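Spelled out from the first residue to the last, the chains are:
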Amino acid sequence: MSLVAVAVAGRGLVPAGEPVFTAGDEALLRGSAAFETLRVYTGRPFLLERHLERLAHSAAALALPSTDGAAELVSLIVGVAPADHVLRLFRSSEALVATAAALPSGLDELRARGIALRTFEQGAPSLLAGVKSTSYAPALAARHAAESAGADDALFVSGGRVLDCATANIWWVRDGALRTPAPGPGVLPGVTRSLILELAGDVEEADELDDLRAADEAFTSSSVRELMPVIEIDGRPLGSGRPGPHVARLQAALRLRSSS
């Protein structure tokens, strides 16, 4: 992640290469920090209020200090960062920080091709259901393993039930019905997920892996990657093996919403 701007509560804008977390911060000692990631389109943080609300919820669940002041840090960052970028907010035991980074390259090309998923069995249910914390080591390890196996991302499952991808929610369409797992242990209530529920209208909650494997099309949703068509799971094509019309329509609706 190449940072282009950093702001710290109580300090304002600081050089992007300057340390902002101390060696005694619980974020480093135990991975106990709340964070949010969102996209900024033409200088406007998308769905900012929803992200700030979840940040406050996560910080409270982790017994961290208040996230008051996060909106002010966002304003500082947006004022000096490129018009389109990735904005992240961190609430650790000692610091409230906002950063801006360049968007990952090749997202539109990846969307046009579609992504392949590799399934991984999830362990015991998390006590932090609904919390977005920096304890991402298992998810990122699974993604690296998926990439080593020739896939693009990891899909967590538990006893035949579908959970989440490493950093995204999962959706699928079967017989014209759009489905996604209900939020709970192993399934984060994603901010982009909440928007897709509004844009799509009628959505069914479902979590059977066999149902997903038999779907006509599927896709993932996340703030940075937006919607990504899924064309393969565990080496087997999903549906036609090509991006489908539902994800194209919802991706277009998301982009329209981001510009309004």
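Note: the structure precedes this text.
Before going into details, it helps to say that this report is about the structure given with it. (Residues numbered from 1 in each chain as written. Predicted model: local features only at pLDDT ≥ 70, side-chain atom pairs only at ≥ 80, totals over all residues. Heavy atoms only, no water.)

### Let's talk about the sheet that holds strand 4 (residues 44-45)
- Here 6 strands make up an open sheet; going across it, the order is 2-1-6-5-3-4 and the pairing antiparallel. Whereas interior strands pair on both sides, the edge strands pair on one side only; in this sheet they are strand 2 (12-14) and strand 4.
- Where strand 1 (residues 3-8) lies against strand 2, 3 bridges are found, and the strand directions are antiparallel. Each bridged residue has a counterpart across the sheet, and for Val6 the counterpart in strand 2 is Val14. (Pairing = 2+ DSSP bridges. Helix = DSSP H or I, 4+ residues; strand = E, 2+ residues; numbered from the N terminus.)

### Quick look at empty space enclosed by the protein
- Applying the stated criterion across every chain, the model contains 2 cavities of 30 Å³ or more.
- Estimated volume of the largest cavity: approximately 80 Å³.
- For the lining of the largest cavity, the secondary-structure elements that each account for two or more residues are strand 3 (34-41) and helix 6 (191-200).
- Residues belonging to the lining of the largest cavity are distributed by class as follows: 6 nonpolar, 4 polar and 2 charged.
- Taken as a whole, the second largest cavity encloses approximately 40 Å³ of empty space.
- Taken together, Ile115, Arg143, Asp153, Thr167, Ala168, Thr220, Ser222, Arg225 and Met228 make up the lining of the second largest cavity.
- Class assignment for the residues of the lining of the second largest cavity results in 3 nonpolar, 3 polar and 3 charged. (1 Å grid on protein atoms, 1.4 Å probe; cavity = no way out; pocket = protein on both sides within 12 Å on 5 of 7 lines; lining within 4 Å. Points joined across faces, edges and corners; volume = space filled by probe spheres on them. Nonpolar A, V, L, I, M, F, W, Y, C, P; charged D, E, K, R; others polar.)

### Some thoughts on unusual backbone geometry
- One non-glycine residue, Leu47, lies in the positive phi region at around 55 degrees.
- Structurally, Leu47 can be placed in the loop between strand 4 and helix 2 (48-61).
- The backbone phi angle of Glu226 is positive, close to 60 degrees, even though this residue is not glycine.
- Looking at where Glu226 falls in the secondary structure, it is placed in strand 14 (residues 226-233).

### Section: the side chain of Ser222
- Relative to the assigned elements, Ser222 resides in strand 13 (residues 217-222).
- Engagement of the side chain of Ser222 in a polar contact is seen with the backbone nitrogen of Arg225, the distance being 3.3 Å.
- The residues contacting Ser222, other than those within four sequence positions of it, are Thr167, Ala168 and Thr192. (Polar contact = N/O pair within 3.5 Å; in protein donor to acceptor, adjacent residues only side chain to side chain. Contact = heavy atoms within 4.5 Å.)

### Focus on a nonpolar patch on the surface
- Together, Leu13, Leu76 and Val80 make up a nonpolar patch on the protein surface, roughly 240 Å² of accessible area in all.
- Mapped onto the secondary structure, Leu76 falls in helix 3 (residues 70-80).
- Residue Leu76 is classed as partly exposed on the basis of its relative accessible area of 35%. (Patch = residues over 30% accessible without salt bridge, like charges linked within 9 Å, V, L, I, M, F, W, Y side chains within 5 Å. Areas by Shrake-Rupley, 256 points an atom, 1.4 Å probe, with all protein chains shown as cover. Salt bridge = Lys/Arg side-chain N within 4 Å of Asp/Glu carboxyl O. Buried < 20%, exposed > 50% of the residue type's maximum accessible area, 1.4 Å probe, protein only.)

### Description of the pattern of salt bridges
- Throughout the structure, instances matching the rule amount to 16 salt bridges.
- For Glu36, the salt bridge goes to Arg54, with nearest N and O atoms at 2.7 Å. With Glu36 in strand 3 and Arg54 in helix 2, this pair connects stretches of sequence that are 18 residues apart. Taken individually, Glu36 and Arg54 each receive the classification buried, so the pair is uniform in this respect.
- Among the ionic contacts, a cluster of salt bridges with common partners joins Arg39, Asp108, Arg111, Glu226 and Arg255.

### Side note on the packing of helix 2 against helix 6
- Packing of helix 2 against helix 6 leaves a shortest axis separation of 10 Å and a crossing angle of 135 degrees. With respect to their mutual orientation, helix 2 and helix 6 come out oblique. Considering the relative orientation of helix 2 and helix 6, their crossing is right-handed. For the pair helix 2 and helix 6, the contacting residues are Arg50, His51 and Arg54 in the first and Val191, Ser194, Leu195 and Glu198 in the second.
- Considering only residue class, the contact of helix 2 with helix 6 consists of 2 nonpolar, 2 polar and 3 charged. (Axes fitted to C-alpha atoms, helices over the stretch in contact; angles between N-to-C directions. Parallel < 35°, antiparallel > 145°, perpendicular 65-115°, else oblique. Left-handed = near helix turned anticlockwise from the far one by under 90°.)

### Structural notes on the side chain of Ser92
- You can see Ser92 is positioned in the loop between strand 5 (85-91) and strand 6 (96-101).
- With relative accessibility at 0%, the residue Ser92 sits in the buried group.
- Side chain to side chain, Ser92 and Asp25 meet in a polar contact 2.6 Å long.
- Ignoring anything within four residues of it in the chain, the contact list for Ser92 reads Phe21, Asp25, Ala27, Ala33, Leu64 and Pro65.

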